[in-house]
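# Observations on chain architecture
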Amino acid sequence: MHVFAWMPFNLQRFLLPVGPVLFALGLLLTPALDDLRGRPLRQTLVLLLLPVLLSALAAKPLRWRLANVLALLWAVLLPAFTGIAPAMATLVLCLAAIALGGRIAPARPAPLQLALGLALLAGVAGWLLPLPIHHAATYWPALLALLAWRWRPVLASLQQMHAGWREAVDAAPRAAAWAVAGIGLLSTAAWLPTLAYDDLAYHLALPAQLEQLGYYRLDLRSQSWALAPWSPDVLHAIVQVMAGAEGRGALNMAWVLLLAAGGFQATRAIGGDRVAAFATVALAASVPMMAWLVGGMQVELPAAALGLVAVALLATRAAEAAGGKPVASRDLPALAVLAGGLVATKASLVLMLFPLGLWWLWQSRSRLPWRALPGGALLALLAGGSSYAYAVAIAGNPLLPLFNDWFPNDYAAGRMIDPRWLAGLSWDIPWRMAFESSRYDEGHAGSAGFLLVVLAGPWLLALLRPGPARPLAWVSLVAGLLPLFFVQYARYVLPAMLLGLPALVATSRSLGGVRAGTALLAVAWGANLVFFANGSWIWRTGAPLRMFQPREAAWQALWLEYAPERAWGPVLRGQADVRLLVVSPLPAVAEFGGRAFSPSRYDPALEQAAATAAGSPEAWRHLLLEQGFTHASLREGADPALLAALARLGARQVAAFGEARLWSLPRHSGARDLMQERDVAARWRARK
């Protein structure tokens, strides 16, 4: 007898309003409402409702479903704002990925094939990063050849996906329109140029170096995270090299669509109908923090997408086993590639793999595929091992720059974890993350979303009631709790929360009848929507609406406000002998292809040298000469001693942009060349 066998159905229905009551209490007892602003909310409503209105007006004369018209509209807007070339490069990359992934899982859906192909392409390219072969003239022929080789299976997968889409939309037209509208709203974050701190200090470096140099420098001295798991950045680099321009937005939307497909399939696999599956998609897109991920290069977006695809595969296997179909070993290669793709995305995702692995072991308990395990391990290594192998080869620490106490080396950097996220784990942390989000991430109140609060009743029921949703609910809970034991940071928990969303949605619609459950889901979606702008401080200030001016002007305006150092990219591009010192609260050096350096915690040696020089014009003059800098970028209010040193050297100001000033220094012979000194990849090739 299971735990709910004695419980009257009416008592189960009592769980339905628990979440809305908790949400209302949160608004009353916390200052969350103080973080709501009228202008960001109006922006959210305009970007959500105006496309729906326009599509509704066009749908009737076209005799199309509203969801299809909406999808077409947003599909046209995406390349219009992110750029035609990045969109085309992303499309070819994804088609080639389906071709490659279809070799691993020929009888499985296209989204799984896409995830496998992306993981494998990133894995192979990751092993080849130090070689000077990363050019558009290499990538385009290689991907097109892969696509030409398997165009028939790719076409068959796309036709199957299109047929499934039409069938799903016809079965649940309103829910489909709801989901597409939510994804469209989220896609506006992809329109923006790259502006976030971590992206300009780190993530953009690999794409920039491959585009400008044709290889990755493996430079740990200038960026202590240079050998951290890099799979998402490798894919960004492939798109950027192929397009000849930044392509983050288009690729991020490919991850969003993959996440949506994984959530849809997982919901269907555990018994949810198509309305529930589309609700999963809509709720995932509504989480405010997703706007930050789509607008940047943080890895939690691809992590959630790969995780949901893995969940969909495991849930499908469980459903097949429940239907009397034996669990075969044919899915082991796919699961191995997904596991490798996850650890190539972020080392801490091994904590997500732990409950997923237990679920797989439980499914395979009657007959473990021992013979297939060595091949699966090799596939996982191919997809996920490159960054760890290079970190061991260079520094002896596979987890660099973390755990340097365990793996002592000469590259140890400073503090890696913000102490704000070490407040400690408490029993009410889901509540606190929802209403006091600024304590757990860089957003405003509500940025973590309210799914676990509004859906608290279904969450409890999904954990305790036997059925196909329970394993998924427990996987999500364990995957979310494990990182919280180490660091209390909301972004790290988001992928795990999205893993459990299919279980929450399917369970919600079983509580109190379909209508009541759907109403509960609508409340959760509405709560997220009201606070949607709070998930990204850049999106919140109206950045998407600025993109309706000419693209170049829009980018310049956003650079001016958020990252003025980005203006030096076009000024200095193509000058191979430039060595730029960036002295700024934002160490925006990543986009310069290894030619720029900044005294920050990412570059401890230069940070120490700058700290020593502070206040002394002569010390600054010596540093600038000895390190061989040809240019310097300073913000207003910079150290007067540094300005005095520039004057003594005869430097001249060559550009100004917002708070930033660009200075050109006279060239001096005999100076060091940090770019050459720190180029590990070039030294390796020279030895050979």
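Quick notes on the rules
Residues numbered from 1 in each chain as written. Predicted model: local features only at pLDDT ≥ 70, side-chain atom pairs only at ≥ 80, totals over all residues. Heavy atoms only, no water. Helix = DSSP H or I, 4+ residues; strand = E, 2+ residues; numbered from the N terminus. Buried < 20%, exposed > 50% of the residue type's maximum accessible area, 1.4 Å probe, protein only. Contact = heavy atoms within 4.5 Å. Polar contact = N/O pair within 3.5 Å; in protein donor to acceptor, adjacent residues only side chain to side chain. Pairing = 2+ DSSP bridges. Patch = residues over 30% accessible without salt bridge, like charges linked within 9 Å, V, L, I, M, F, W, Y side chains within 5 Å. Areas by Shrake-Rupley, 256 points an atom, 1.4 Å probe, with all protein chains shown as cover. Salt bridge = Lys/Arg side-chain N within 4 Å of Asp/Glu carboxyl O.

Secondary-structure assignment places N409 in the loop between α20 (386–395) and α21 (429–435). Overall, N409 belongs to the buried group, its relative accessible area being 17%. Along the primary structure N409 and A395 are separated by 14 residues, whereas in three dimensions their C-alpha atoms are 5.9 Å apart. If we skip the residues at most four places from it in the chain, N409 touches A395, N397, L400 and N404. Of note is the side chain of N409, whose polar atom sits 2.5 Å from the side chain of N404.

To continue, consider the pairing of strand β1 (residues 580–583). Neither face of β1 is exposed, since L580 and V582 on one face and L581 and V583 on the opposite face are all buried. By the bridge criterion, two bridges tie β1 to strand β2 (residues 596–597) in an arrangement that is parallel. The residue bridging L581 from the neighbouring strand is F597, located in β2. Bridging between β1 and strand β3 (residues 631–635) involves four bridges; their strand directions are parallel. Considered in β3, the bridge of V582 is made with S633.

Read across the open sheet, the five strands follow the order β2-β1-β3-β5-β4; overall the sheet is mixed. Looking at the sheet topology across the chains shown, the edges are occupied by β2 and β4 (652–657).

All right, on to a nonpolar patch on the surface then. Side chains of V46, L50, L53, L54 and L57 sit close together on the surface and give an oily, nonpolar patch of about 470 Å² of accessible area. Within the secondary structure, L54 is located in helix α3 (residues 38–62). You can call L54 partly exposed: its relative accessible area is 47%.

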